[in-house]
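Next come the chains, spelled out residue by residue.
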Amino acid sequence: MNSGWMTEVLAVLRKEARVDVRDLGSLLTVALFSGVTIFAISVASFNQQLKGGIAAGLLWVALLFAAVIGQPRRFLTEEDQGTSDLLRLLARPHAIFWGKCLMGILEMAVTAVAMTLFFFLLTSATLKDPGLYALGLTGSVLALVGATSISGALAASARNRSTLAAAVALPLLVPIIFFGIASLRTSLGEGLPENAWPAAWGLLGYGIASIITGPWIFSAVWRR
Amino acid sequence: MRALKSTKWMAILVGIFMPIATVATFMAPPAAKFQQPDLARMVFWHLPCALVSSVFLFLAPYFAFRFLRTTDIKWDIRAVAAMELGTLLGILTLLTGMLFAKTQWGAWWNWDPRQSSYLMVMLFAAGYFALRSAFSDNEKRAANSGGYLMAALLPFFFLIFVYPRLPQVVSLHPNVIKDGSFDATYKGVFYMMLVLIGVVAAWLYQLRVRAGTLEWDFENQNAELDNRHRSATPRVVRTISLPDQGGTTS
């Protein structure tokens, strides 16, 4: 293998983008799921003033399930379609992991921004601290993609992989839920900023840590 | 033979000291700072179980790390044993904690940060065992579950050490060692229970590792015998014709 790791990462990213464009079903599933969730929240909170804590919790549930549905499938489909062996020959494990993660980050970022717009358009929630919200959302996207990618990679060669990937991901997401809700809640007007900013930075740190250490875990299981 | 002897001795020692320690937990004078001092003795079981469980839950990712580095199956056997012991003691922690909560705080479950975080740690353990059960190949099972433990290390640390101690988190749990809830006798009995539960857990862990190693050796021997048997009678595949279907198959 003569290619550099960056070339491999970009090749995997391009491949993932092509797969997503060719098979719009999976992207549409995430979009539909996110849209319907926000719509359901807006219907449930019609004519009511959403408090920051509740609004952050509801928005985070929508983000969480969008990630759990969308991200692990990048690894699961390789086994389902029988393309994993070819991928093993063509790229190094860390390149595969980072390539898939990059595509996941792009997809989740678009989903999160779209959800945010939809959420503020359809509900009575008001944004009090855009900077904190942006940091919290960025951290959430990174941490969600990192954790769900690891769980997808771990469950990819298991028997009941689709169900297992979600079941394995949820415990890994517990600390992210704490940090995520803490940061978004304050940005929506409830709670103290001195507690929320460390939570948002913590979330970002968790996301970066899981994306950096992910390839090591992935390479330990991918070659077997 | 030596292993059997040591097991027998451990059983005798535990058989002698466990009843003595149990009696001591009832003989210690009630700790005055608790709401129901007489019913607070559950803490003699609850706290050591929590501490020893945490030790095993952190040993498991270490063993998993060693397995992923060396691919020596003995580390996987140790990781499983540590997770099993950690989970067992974690469940005991939750159950004794619920009894304590009912007597001291009035409800079985109070959504106390320490209660909730320990419950979540148990969810991790459930995820670990679910993942293990989904692989039939030993090596894959060991590698993937080891990877899961490595991924769970940071959340473990957060849930056990960070989250319950965050300044904005209010816990019902007293800090019994630091705030003087325990007098000298209470502390003495508590440390005795801690040592005893620690020794019993270490003994059970050793037995589990031994059982796991024997199971592994047995499986490997069977596989070897199976392979030898197969090589003695090689399979021959011949093409045959099925007249009623008119086709050819093998």
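Residues numbered from 1 in each chain as written. Chains lettered and ligands numbered in written order. Predicted model: local features only at pLDDT ≥ 70, side-chain atom pairs only at ≥ 80, totals over all residues. Heavy atoms only, no water.

## Comments concerning the side chain of E107 of chain A
Residue and element names in this part refer to chain A. Within the secondary structure, E107 is located in helix α6 (residues 93-122). Given a relative accessible area of 6%, E107 falls into the buried group. A polar atom in the side chain of E107 sits 2.5 Å from the side chain of R74. Residues in contact with E107, not counting those within four places in the same chain, are D20, L27, V30, G70, Q71, R73 and R74. (Helix = DSSP H or I, 4+ residues; strand = E, 2+ residues; numbered from the N terminus. Buried < 20%, exposed > 50% of the residue type's maximum accessible area, 1.4 Å probe, protein only. Polar contact = N/O pair within 3.5 Å; in protein donor to acceptor, adjacent residues only side chain to side chain. Contact = heavy atoms within 4.5 Å.)

## A word on the pattern of salt bridges
All names here are of chain A. All chains considered together, the criterion is met by 16 salt bridges over all chains. Across the pair E107 and R73 runs a salt bridge, and its minimum N-O distance is 3.0 Å. Of this pair, E107 sits in helix α6 while R73 sits in helix α4 (residues 73-81), placing them 34 residues apart in sequence. The exposure classification of E107 matches that of R73, with both residues buried. Within the structure, one salt-bridge network assembled from shared partners comprises K15, E16, D20, R73, R74, E78, K100 and E107. (Salt bridge = Lys/Arg side-chain N within 4 Å of Asp/Glu carboxyl O.)

## Looking at the interface of chain A and chain B
On the side of chain B, 29 residues touch chain A, which itself brings 23 residues to the contact. With both sides pooled, the region where chain A packs onto chain B buries about 2,300 Å², and carbon together with sulfur makes up 74% of that total. Looking only at chain A, the three residues that lose the most surface to chain B are F178, W216 and R224 of chain A, adding up to 28% of its buried area. Our count for the chain A to chain B interface comes out at zero salt bridges. Our count for the chain A to chain B interface comes out at three residue pairs in polar contact (both at pLDDT 80 or more). Mapped onto the side of chain A that touches chain B, the elements with two or more residues apiece are α7 (130-155), α8 (161-187) and α9 (193-222) of chain A. Considering every element that reaches the side of chain A that touches chain B, the biggest residue donor is α8 of chain A, with eight residues. Grouping the amino acids of the side of chain A that touches chain B by side-chain chemistry returns 18 nonpolar, three polar and two charged. (Buried area = accessible area lost by both parts, 1.4 Å probe. Nonpolar A, V, L, I, M, F, W, Y, C, P; charged D, E, K, R; others polar.)

## A short note on the packing of α8 of chain A against α9 of chain A
All names here are of chain A. It is the contact of α8 with α9, at a shortest axis distance of 8 Å, that shows an interaxial angle of 140 degrees. As summarised for this structure, α8 and α9 are arranged oblique, according to the angle between their axes. The element α8 and its partner α9 pack so that their crossing is left-handed. Together, L172, P175, I176, F179, G180, A182, S183 and T186 of α8 and P193, A196, A199, A200, G202, L203 and Y206 of α9 make up the contact between the two elements. For the contact of α8 with α9, the per-class residue count stands at eleven nonpolar, four polar and no charged. (Axes fitted to C-alpha atoms, helices over the stretch in contact; angles between N-to-C directions. Parallel < 35°, antiparallel > 145°, perpendicular 65-115°, else oblique. Left-handed = near helix turned anticlockwise from the far one by under 90°.)

## A closer look at unusual backbone geometry
Residues and elements named next belong to chain B. The phi angle at T71 is positive, at roughly 55 degrees, despite the residue not being glycine. With respect to the helices, strands and loops of the structure, T71 is situated in the loop between α2 (43-70) and α3 (73-105). Residue classification places T71 among the partly exposed positions, given a relative accessible area of 44%. One non-glycine residue, W111, lies in the positive phi region at around 55 degrees. Note that W111 resides in the loop between α3 and α4 (113-133). Under the relative-accessibility criterion, W111 is labelled exposed at 62%.

## Description of the environment of V110 of chain A
Along the chain, V110 of chain A falls in helix α6. For the pair V110 of chain A and A62 of chain A, spaced 48 residues apart in sequence, the C-alpha to C-alpha distance is 14 Å.

## Quick notes on the confidence of the model for chain B
Low-pLDDT portions of the prediction should not be read for the details of their coordinates. The predicted model of chain B averages 83 in pLDDT, with 85% of residues at 70 or higher. For this predicted complex, the interface confidence score (ipTM) comes to 0.80, while the overall pTM stands at 0.81. (pLDDT = per-residue confidence, 0-100.)

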